[in-house]
Amino acid sequence: MTSLVYLVPLAIGICIVGLLAFFWTVKSGQYEDPQGDAARMLYSEDKPIVDEDDL
Amino acid sequence: MVEIVLDDEFCPSGQTTAQDLARMQSEKARNLSEKGKAAEALTPYVQAKASGEQSIDLMISGAHCAGCMAKIERETAALPDILLARMNLSTMRLNVQWRGEPAKAGAIVARLEDLGYGAKPFNMELEPLAQRDQATSLLKAMAVAGAATALIMTMSVGIWDGSEMSKVTRQTMHWISAAIAIPTVAYSGQPFFRSAWGALKNKMTNMDVPISLAVILAVSLSIYETIHGNPHAYFDAAVMLLFLLLIGRFLDMRLRQKTGESAQRLAAMQASTASLVKDDGSVMSVPASMIKPGDILLVAAGERIPVDGEIIKGSSDIDTSIATGETLPLASTIGDTLYSGMINLSAPLTIKASAVSSDSFLSEISRLVEAGEQKKSKFVRIADKAARLYVPIVHTLAALTFIGWMLYSGDLRTASLNAIAVLIITCPCALGLAVPAVQVVASGRLFKKGVLIKSGDALERLAKIDTIIFDKTGTLTLGSLQLSNAQNISKDALETAALLSRASRHPVARAVAAAAGSGPVADNIKEVPGQGVEAKIDGKLVKFGAASYVGAKDQADAQTESWLRIGRAKPIRFKFKDTPRMDAKDTITGLIKCGYNVELLTGDKKSMARETAELLGIDIWQAEVSPSDKLARLEELKSQGHKTLMIGDGINDAPALAAAYASASPAGAADVSRAAADIILQGNKMSGVITAVNTAKDAQKRVVENLSLAVIYNMIAVPIAVLGFVNPMIAALAMSGSSMLVTLNALRLKFH
C-alpha cells in the first residue's frame, strides 16, 4: 500500500496538468476552426531553416 | 472529415460555376460604379485599432474547402500593406488587418470577387457573445467533471476490490475522493443548480431539480459515511452523473450555436447597401442597416430596395415577388409604398425611407407572425413531457423507500441511505442524453445536406406532419419567366425582340434575352414602365411589350404574354411561363409517394398557378391568396386534424410560416420569412424537404426508443435500489451503461 503514497498524488498531478493544458487550448481559441486548422499545416509555405543569404 | 485537396488551383468544389461567372460578369458590366460604392459602404464596418491598424471581418461565400481557404489567404495577403489575412473555414469568416486607409476594405472585397468568392462585411455587434461564453463555460465544466470522474473512479475501483485494503487506507481514499469531488461539484454543477433554483423559485420543477437533489444528497451522504469510516461512498457516482449530463448539455448548446451562426451568415450575405442622398445633394453609400426613417435614398434600375419606403420621384416597374408572390412586375409611381427586398427593374427611383407605421402591410405581417409564434411556443418538447412525468414519480418513490425502511428497520441511516440510492440510480442520465444525442446526430446529418434545422423541437414537429403546403414563386419556381412558344416565333422576330430586351431587367425581357442568347443591343431604347420597350431599328419603330402598348388585340391570357410589333406589321405573340426549380417535380412526386398531402397556395395569378400545379402534379391549389387567406387555409387544415408543413419564401408567406405546425424556407427568402421558418434549405434545391422529413421521422423513432430504454433501465434498477441492494459499484455501472446505450442508439440514425 506504500505505493499509494506517491501514485495517488502523481495521478492527481497528471490530471491537473492535463486540465490546465485543456483550459489553455480553449482560451487560445484552438477549437474555433477545427476544419481550417487541420488543413492549414499542409499549406504553410516551406522556408529554408537557414536564410539563403547566409549560405 | 475534412477533404484535403492539395492542388488548390484545381479545387473542384471551390471552383465557381460557369453560371456564377457569367452572372458576375454581367453584373460587373451593368454597374461599373458599383464597386466604388461598395467600398464606401464597407467603411463603417472597419475597426481601427489603437496601434493604427485597420481590421475588418468578412463573410465569405463560395469557399468550400481548404484549397479555397489557402487561396483566399494567400491572395489577400499579397495585396499591399496587408498585415494579416486569416480565414476561419468552420465559420467562413475572414479577418483582414492592414495599415493605412479604412477605404482599403473595398480593394480587398474587389480582389475576393475577382477570385470568384463573395464577401460581405460582418457586423460584430450581431454576434451572440453570451451564447459563445455559455458554450465555453459548459465545455470547461465538462472537462473538470471528466477529469475528476477519471481520478475518483481510479480510486473507487481500488476500493470496490478492497480485498487487501485496511480500513484506514479506505477512509483515506474516501477523503481524497471527497477533496476532489466537492470542488468539482461546486464548479461543474452550477448550470444545473442555477436552473433548478430558477425553477423552484417560480414554484415549478424541471429535470434539473432531481439532478441537483441527487448530486447534493449523494455528496452529503458520502461525506457523512466517510467521517464515520463506513465502506460506501458515492463520490464517483455524483461526479460521473455531472459529467454525463454535461455532455448532453454541451451537445445541445453546440447545436444551437451552430445553427445560430449559419442563420447569421445568411443574414450577413443578404445585407445590402443603400445610396443615401445627403442634405447637400451628394450621394453616399451606407449599409442598409444604418438608414433612419425619413432618409432620402436613390435606387438605380436593377437594384434591390434596401429599406421600406415611399416613392417620391420617378416611376418604374417593381419586381414585387418577394412581397406578394407575383411573378410579373408591378408599375409603380410617386406615392406607392415599396418594401425592402423588392427589385427596381426599369428606371431610377428616389424613395423616402419610412418607419413601420401601424397600418402598413409589413406591420400587419409582423403582427400575424408574432401571433403565430406565440401559439407555437406552447409546443411541449418530448424531453419536457418526460420530465413532467418523471420528477414526481421519482420523488415519490424515494420518499416511499425512506418511509418503508423506517417502518421496517427503524434505522434512520439505512432508510436515508436507501432513499438516496433511489435518487442517484434513477437520476436522469440517460434521459438527459436520450434526446440531445439524437437531435445532434440528426441535425449534423441534415447540415451536411444543406438543410439547416433551427431548433431541436422543430425536428420533433417535422416528424409529425402529414400535409405540405408550398408557395409558388421563389419556392417551387425560381421566380423567373421562360419563353414557352419559341417554336412559333421566327428567328428574326426573336432576334429583334432580343435587341430590345438585352438591356432590360424586366423578367419578360430577361426571358427573351435568355432564349435568343447573347448578341447586340439596339441603340436609344426607351423603356416605358408598366408598358414595354421601344426603339428605332433600321428606320422602323419596333415596340415590345403589353398588348395595349403595341396595339394588339388583348387576349384572355394577357398576364403571361408580350407582343412584338415591327413597324406596322402584325404583332407577334410571345408567351411566357414561370420556370420551376430543377428538382421541384421530383420532390413533389417523392413527397406524394411518401403519403403526404401536397398543396399549392400562391399570391400569383390563376393562370400562372394552374400551369405550375399541372406541371408539377399538384391537385389542390389556390391562386391570388392574401397572407390572411393562407392563414385561413392553415386553420382549416388544422381543424380537420392535419399537421402542416408550410414552405415559402416571400414576405407574404411569413405569417403562414409562423403559424404552421412546422415551416421551411429557401435560403434566398425574405428576412422575415427566414426568421419565422424552422428549417432553411440551402442551395438551389427543394429536395432537402424530403431529406428533412425522413430524417426527422427517423430521429423521432430513435428518441422514442431511447426514452423507452431509459424506462426499461429504471424498471430494473429501481427495485434493486428500493430493496437496498445498490452499492456504489452497481450505481456507477448502471449509470454509465445506460448512458452509453442511448448514445450508441442515437448514432444508428440512418443517412438519407
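For the structure, check the block above.
Residues numbered from 1 in each chain as written. Chains lettered and ligands numbered in written order. Predicted model: local features only at pLDDT ≥ 70, side-chain atom pairs only at ≥ 80, totals over all residues. Heavy atoms only, no water.

Trainee: Please provide a residue-by-residue account of the packing of aromatic side chains, values included.
Mentor: Taken as a whole, this structure holds three aromatic pairs over all chains when the rule is applied. Summarising the aromatic geometry, the rings of Phe 544 of chain B and Phe 574 of chain B are spaced 5.2 Å apart at their centres and angled 70° between planes, so their arrangement reads as edge-to-face. Residue Phe 544 of chain B is found in strand β20 (residues 540-545), and its partner Phe 574 of chain B is found in strand β22 (residues 572-580); the two are separated by 30 residues along the sequence. Sitting over the face of the ring of Phe 23 of chain A, Lys 140 of chain B holds its NZ or CZ atom 5.5 Å from the ring centroid. Over the ring of Tyr 549 of chain B we find Lys 543 of chain B, and its NZ or CZ is 4.8 Å from the ring centre. (Phe/Tyr/Trp six-rings, centres within 6.5 Å; stacked < 30°, edge-to-face > 60°. Helix = DSSP H or I, 4+ residues; strand = E, 2+ residues; numbered from the N terminus. Lys NZ or Arg CZ within 6 Å of the ring centre and 35° of its normal.)

Trainee: Tell me about the packing of helix α13 (residues 412-426) of chain B against helix α25 (residues 688-722) of chain B, and name the residues and values.
Mentor: Residue and element names in this part refer to chain B. Where α13 meets α25, the closest approach of the two axes is 9 Å, and the angle between their N-to-C directions is 165°. By the angle class used here, α13 and α25 are roughly antiparallel. Once α13 is placed against α25, the crossing between them reads as right-handed. Facing Asn 418, Ala 421, Val 422, Ile 425 and Thr 426 of α13, the residues of α25 in contact are Tyr 713, Asn 714, Ala 717, Val 718, Ala 721 and Val 722. Its residues placed into classes, the contact of α13 with α25 shows eight nonpolar, three polar and no charged. (Axes fitted to C-alpha atoms, helices over the stretch in contact; angles between N-to-C directions. Parallel < 35°, antiparallel > 145°, perpendicular 65-115°, else oblique. Left-handed = near helix turned anticlockwise from the far one by under 90°. Contact = heavy atoms within 4.5 Å. Nonpolar A, V, L, I, M, F, W, Y, C, P; charged D, E, K, R; others polar.)

Trainee: Go over the environment of Asp 411 of chain B with me, naming the residues and quoting the values.
Mentor: All names here are of chain B. Here Asp 411 lies in the loop between α12 (382-409) and α13. Overall, the relative accessible area of 32% leaves Asp 411 in the partly exposed class. A distance of 2.5 Å separates polar atoms of two side chains, one belonging to Asp 411 and the other to Thr 414. (Buried < 20%, exposed > 50% of the residue type's maximum accessible area, 1.4 Å probe, protein only. Polar contact = N/O pair within 3.5 Å; in protein donor to acceptor, adjacent residues only side chain to side chain.)

Trainee: Run through the pairing of β22 of chain B, naming residues and quoting values.
Mentor: All names here are of chain B. Direction of pairing for strand β17 (residues 477-483) relative to β22: antiparallel, over a ladder of four bridges. When the sheet's bridge partners are listed, Leu 483 is paired in β22 with Phe 576. As judged from the four bridges shared by strand β21 (residues 561-566) and β22, these two strands associate in the antiparallel manner. Counterpart to Glu 561 in the pairing with β22 is Lys 575. (Pairing = 2+ DSSP bridges.)

Trainee: Requested: an account of the sheet that holds strand β27 (residues 679-681) of chain B, with residues and values cited.
Mentor: Residue and element names in this part refer to chain B. A sheet is described by the order of its strands in space; here seven strands give the open sequence β15-β27-β26-β25-β16-β23-β24, paired in mixed fashion. The open sheet has two edge strands with one neighbour each: β15 (451-453) and β24 (620-622). On average, each strand axis in the sheet is tilted by 20° relative to the strand beside it, whichever way the strands run. Sheet topology places β15 next to β27; three bridges connect them, and they run antiparallel. Across the sheet, Leu 452 pairs through a bridge with Ile 680, a residue of β27. Running over the sheet, helix α22 (residues 627-639) touches β16 (467-470), β23 (597-601), β24 and β25 (644-647) and is turned about 160° from β23. Those strands touched by α25 are β15, β25 and β27, and its axis lies near 150° from that of β25.

Trainee: Outline the packing of α12 of chain B against α25 of chain B, supporting the account with residue identities and numerical values.
Mentor: Residue and element names in this part refer to chain B. Running from amino to carboxyl end, α12 crosses α25 at an angle of 5°, the nearest separation of the two axes being 12 Å. With respect to their mutual orientation, α12 and α25 come out roughly parallel. Of the residues in α25, those touching α12 at Ile 382, Ala 386, Tyr 390, Leu 397, Thr 401 and Trp 405 are Gln 700, Val 703, Val 704, Leu 707, Asn 714, Val 718 and Val 722. Of the residues in the contact of α12 with α25, the class split is 10 nonpolar, three polar and no charged.

Trainee: Pulling in residues and values, what's your account of the pattern of salt bridges?
Mentor: Tallied over the entire structure, the rule returns 17 salt bridges over all chains. Arg 86 of chain B is paired through a salt bridge with Asp 37 of chain A; the nearest N and O atoms lie 3.5 Å apart. Here Asp 37 of chain A lies in helix α2 (residues 34-43) and Arg 86 of chain B lies in strand β3 (residues 82-88), a pairing that spans two chains. Judged by relative accessible area, which is 41%, Arg 86 of chain B ranks as partly exposed. Take Asp 37 of chain A: its relative accessible area is 31%, and that puts it in the partly exposed class. Residue Glu 705 of chain B is joined to Arg 748 of chain B by a salt bridge in which the shortest nitrogen-to-oxygen separation is 3.0 Å. A residue pair is termed long-range when its members are at least 10 positions apart, and Glu 705 of chain B in helix α25 and Arg 748 of chain B in the segment after α26 (728-747) qualify at 43 residues. One connected set of salt bridges, linked through shared partners, spans Asp 457, Arg 461 and Asp 678 of chain B. (Salt bridge = Lys/Arg side-chain N within 4 Å of Asp/Glu carboxyl O.)

Trainee: Could you give an account of helix α7 (residues 190-201) of chain B, with specific residues and numbers?
Mentor: All names here are of chain B. Helix length check: α7, at 12 residues, gives a terminal C-alpha distance of 16 Å against a target of 16 Å (1.5 Å per residue), a fit within 8%. Of all the residues in α7, the buried ones are Phe 192, Ala 196 and Ala 199. Seen from one end, α7 has its buried residues packed into an arc of 60°, which puts them on one side. Turned more than 90 degrees away from the buried face of α7 sit Arg 194, Trp 197 and Lys 201, all of them exposed. Where α7 ends, the next residue or the one after it, Lys 203, has phi of about 55°, a positive value. (Expected span 1.5 Å × (residues − 1). Arc of directions from axis to C-beta.)

Trainee: Account for the environment of Leu 412 of chain B, with residues named and values stated.
Mentor: Residue and element names in this part refer to chain B. Residue placement: Leu 412 occurs in helix α13. Among the residues examined, Leu 412 registers a relative accessible area of 54% and is labelled exposed. The spatial distance from the C-alpha of Leu 412 to the C-alpha of Phe 402 is 8.5 Å, given a sequence separation of 10 residues. Ignoring sequence-local partners within four residues, the contact set of Leu 412 consists of Phe 402 and Met 406.

Trainee: Give a description of the nonpolar core that names residues and reports values.
Mentor: General note: in soluble globular proteins, nonpolar side chains tend to be found buried as a group. Residue and element names in this part refer to chain B. Membership of the largest hydrophobic core comes to 114 residues, with the highest contact counts inside it found for Tyr 234, Leu 462, Phe 470 and Leu 645. Sorting elements by how many residues they give to this core places helix α5 (residues 129-161) first, with 13 residues. Non-local contacts of Tyr 234, meaning those with residues more than four positions away in its chain, are made with Ala 218, Leu 221, Ser 222, Ala 421, Ile 424, Val 726, Asn 727, Pro 728 and Ala 731. (Core = buried A, V, L, I, M, F, W, Y, C linked by side-chain atoms within 4.5 Å.)

Trainee: Give a description of the sheet that holds β20 of chain B that names residues and reports values.
Mentor: Residue and element names in this part refer to chain B. If you trace the six strands from one edge of the open sheet to the other, you get β17-β22-β21-β20-β19-β18, paired in antiparallel fashion. This sheet does not close on itself; its edge strands, each paired only once, are β17 and β18 (526-528). Strand-to-strand twist of the sheet, defined as the mean angle between neighbouring strand axes without regard to direction, takes the value 20°. Judged from the six bridges that link them, strand β19 (residues 532-537) and β20 form a sheet pairing that is antiparallel.

Trainee: Run through the side chain of Ser 55 of chain B, naming residues and quoting values.
Mentor: All names here are of chain B. Inspection of the secondary structure assignment puts Ser 55 in strand β2 (residues 53-61). Under the relative-accessibility criterion, Ser 55 is labelled buried at 7%. Those residues in contact with Ser 55, other than ones at most four positions away along the chain, are Tyr 45, Val 46, Gln 47, Lys 49, Asn 95, Val 96, Gln 97 and Trp 98.

Trainee: Please give an account of helix α1 (residues 3-27) of chain A that cites residues and values.
Mentor: Residues and elements named next belong to chain A. Here α1 spans 36 Å end to end across 25 residues, near enough to the 36 Å set by a 1.5 Å rise per residue. By the burial criterion, the buried members of α1 are Val 8, Cys 15, Thr 25 and Val 26. Looking one or two residues past α1, Gly 29 carries a phi angle of roughly 70°, positive in sign.

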